[in-house]
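Here's the letter readout for the chains.
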Amino acid sequence: MIVLNHPQGSEDWLRARIGACTASRFSDATGILTKASKNGQAGDPNGDAIKYAWTIAMETIAREPLDDTFVTYAMRRGQELEPQARAVYERRTGAWVEE
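Residues numbered from 1 in each chain as written. Predicted model: local features only at pLDDT ≥ 70, side-chain atom pairs only at ≥ 80, totals over all residues. Heavy atoms only, no water.

Sorry if this is basic, but what is going on with the pattern of salt bridges here?
Pairing is possible between side chains that carry opposite charge, provided their charged atoms lie close to one another. Scanning the model with the defined rule gives four salt bridges in all. A salt bridge links Asp28 to Arg25; the nearest nitrogen and oxygen atoms lie 2.7 Å apart. Relative accessible area serves as the criterion here: at 23%, Arg25 is assigned to the partly exposed category. Between Glu82 and Arg86 there is a salt bridge; the shortest N-O distance is 3.1 Å. Remark: Arg86 and Glu82 occur in helix H4 (residues 73-93); sequence separation between them is four residues, near one turn of the helix. Among the residues examined, Arg86 registers a relative accessible area of 17% and is labelled buried. A single network of salt bridges, built from pairs that share partners, joins Glu11, Arg15 and Glu64. (Salt bridge = Lys/Arg side-chain N within 4 Å of Asp/Glu carboxyl O. Buried < 20%, exposed > 50% of the residue type's maximum accessible area, 1.4 Å probe, protein only. Helix = DSSP H or I, 4+ residues; strand = E, 2+ residues; numbered from the N terminus.)

What follows is the structure in structure tokens.
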């Protein structure tokens, strides 16, 4: 296993993820059509899966992360509150959380 300790969202963190399918986009990567349509047969990759595959391919070729991330208020708030949430979790469970 490769462990990289770059701060989340940092330039190094973004570069380490170039060309990789990430957990947060796994549902996009595995999306399939549930029924036949003009875009394909049931079981074929859906539009999200195809778009994500192109994104990974373009990042791999360019060796640059693509900035296609839309950040909602809730996502930004979650990032801001993460240190406090981690501390509360550690106090309640007694478990040590490694960022």
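Please explain a nonpolar patch on the surface as it appears in this structure.
Judged by side-chain polarity, Ile50, Trp54, Met58 and Leu66 come together as a nonpolar surface patch covering roughly 400 Å² of accessible area. You can see Trp54 is positioned in helix H3 (residues 47-62). (Patch = residues over 30% accessible without salt bridge, like charges linked within 9 Å, V, L, I, M, F, W, Y side chains within 5 Å. Areas by Shrake-Rupley, 256 points an atom, 1.4 Å probe, with all protein chains shown as cover.)

Teacher, can you tell me more about the confidence of the model for the protein here?
Caution applies to low-pLDDT regions: their predicted coordinates should not be interpreted in detail. Residues with a pLDDT of 70 or more make up 98% of the protein, whose mean pLDDT is 89. Least confident of the elements in the protein is helix H1 (residues 11-16), whose mean pLDDT is 89; most confident is H4, at 94. (pLDDT = per-residue confidence, 0-100.)

Help me understand the environment of Val97, please; the structure alone is not making it clear to me.
Inspection of the secondary structure assignment puts Val97 in the segment after H4. The partly exposed category is assigned to Val97, whose relative accessible area is 26%. For the pair Val97 and Arg86, spaced 11 residues apart in sequence, the C-alpha to C-alpha distance is 6.9 Å. Non-local contacts of Val97, meaning those with residues more than four positions away in its chain, are made with Arg86, Tyr89 and Glu90. (Contact = heavy atoms within 4.5 Å.)

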